[in-house]
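# Descriptive analysis of the structure
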Amino acid sequence: MKIVAAKKLLKANDQLAEENRENFTRAGIFGVNIVGSPGCGKTTLLEALFGRLKGRVKPAVIEGDIAGSIDAERIDALGVPVVQINTDGACHLDANMIAAAARDFDWEAIDLLVVENVGNLVCTAGFDLGEHLRIVVLSVPEGDDKLAKYPAIFQGSDALVITKTDLLPYIKFDVDRVTGDMARLAPAAEIFQVAALQGEGIDSLAQWLAGKCPAAGL
Ligand code: MG
Ligand code: ZN
């Protein structure tokens, strides 16, 4: 019988993630890991973002889902190269999966690689994928207590995007509580508020992201 400590596995993931990051950087590819609960609006956010970034960056997407290809089909419909990873039950992506999926793209033809992680606020926090930037998405219907309850995922993120702000009049959600919690957990992180379906707030997020992505040339 062999017993492998979870810590050891995480260390192996970290090493692989570092390799991914180096490979992406060398190829001029900027990596973004999008995390958030199921249904928080990650794919809808990507649809809105790619609309705004059209002509400025050449994106590709890796979709992580337990089953199916619903989100990948939406990305494909935008004409953006996409690979779907089916985790077959696993609740997060790891660096090894990203390394394998990324091989499917023509690296010469892309400069922004977005990973839409499996919807999950818990263990996605522990797995570096080799991204340059992690964006955590929180939708208004999820409630304003999520930073207090799931601090790790917010702590390690470079930006918080509050989505579905068009629902604020109908739901008890204290934006100040969320921005205050985020300021404590991740003082350097940017905070954006968007209603992606209406296109509200997408400009400033797109501008910020383009500014981070070297190939966007801003
Ligand atoms: Mg999605
Ligand atoms: Zn997991």
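Just so it is clear, the structure is predicted and the values come from calculations on it, not from any experiment. (Residues numbered from 1 in each chain as written. Chains lettered and ligands numbered in written order. Predicted model: local features only at pLDDT ≥ 70, side-chain atom pairs only at ≥ 80, totals over all residues. Heavy atoms only, no water.)

Once that is clear, we can look at the coordination of the zinc ion (ligand 2). Protein ligation of the zinc ion (ligand 2) involves Cys91 (SG), His92 (ND1) and Cys123 (SG), the donor distances falling in the range 1.9 to 2.2 Å. For the zinc ion (ligand 2), the donor residues sit on a single chain with the sequence spacing C-H-x30-C. Placement of the pair is His92 in the loop between strand S3 (82–86) and helix H4 (95–102) and Cys123 in the loop between strand S4 (112–116) and strand S5 (133–139), with a sequence separation of 31 residues. Look at His92 and you get buried, because its relative accessible area is 15%. (Donors = N, O, S within 2.8 Å, 3.2 Å for Na, K, Ca; no water. Helix = DSSP H or I, 4+ residues; strand = E, 2+ residues; numbered from the N terminus. Buried < 20%, exposed > 50% of the residue type's maximum accessible area, 1.4 Å probe, protein only.)

Within the protein, Thr43 (OG1), Asp71 (OD) and Glu116 (OE) serve as the donor atoms for the magnesium ion (ligand 1), at 2.0 to 2.1 Å. Mapping the donors of the magnesium ion (ligand 1) onto the primary sequence gives the spacing T-x27-D-x44-E. In this pair, Thr43 sits in helix H2 (residues 42–53) while Glu116 sits in strand S4, placing the two residues 73 residues apart along the sequence. Comparing Thr43 with Glu116 shows no difference in burial state: the two are buried.

In the contact formed by helix H1 (residues 6–26) and H4, the axes pass within 8 Å of each other and the chain directions differ by 30°. Taking contact as the criterion, the partners of Asn13, Leu16, Ala17, Asn20 and Phe24 in H1 are, on H4, Ala95, Asn96, Ile98, Ala99 and Ala102. Counted by class, the contact of H1 with H4 contains seven nonpolar, three polar and no charged residues. (Axes fitted to C-alpha atoms, helices over the stretch in contact; angles between N-to-C directions. Contact = heavy atoms within 4.5 Å. Nonpolar A, V, L, I, M, F, W, Y, C, P; charged D, E, K, R; others polar.)

Of all seven residues in S5, seven are buried, a share of seventy percent or more. Neither face of S5 is open: one carries Leu133, Ile135, Val137 and Ser139, the other Arg134, Val136 and Leu138, and all of them are buried. As defined by bridge partners, strand S1 (residues 30–36) adjoins S5 across five bridges and the pair is classed as parallel. Opposite Asn33, over in S5, you have Arg134 as the bridge partner. The pairing of S5 with strand S6 (residues 159–163) spans five bridges and is classified as parallel. What sits directly across from Ile135, in S6, is Ala159. (Pairing = 2+ DSSP bridges.)

In terms of nonpolar packing, the biggest core is built from 32 residues, with Val32 and Leu112 touching the most fellow members. At the level of elements, S1, H2, S4, S5, S6 and helix H8 (202–212) are the ones that each hand at least two residues to this core. Not counting residues up to four positions away in its chain, the partners in contact with Val32 are Leu112, Leu113, Val114, Val115, Glu131, Leu133, Ile135 and Leu209. (Core = buried A, V, L, I, M, F, W, Y, C linked by side-chain atoms within 4.5 Å.)

What follows concerns empty space enclosed by the protein. Across all of its chains, the model carries one cavity of 30 Å³ or more by this definition. By volume, the largest cavity is sized at about 50 Å³. Only S1 and S4 provide two or more residues apiece to the lining of the largest cavity. A class-by-class count of the residues in the lining of the largest cavity yields six nonpolar, two polar and one charged. (1 Å grid on protein atoms, 1.4 Å probe; cavity = no way out; pocket = protein on both sides within 12 Å on 5 of 7 lines; lining within 4 Å. Points joined across faces, edges and corners; volume = space filled by probe spheres on them.)

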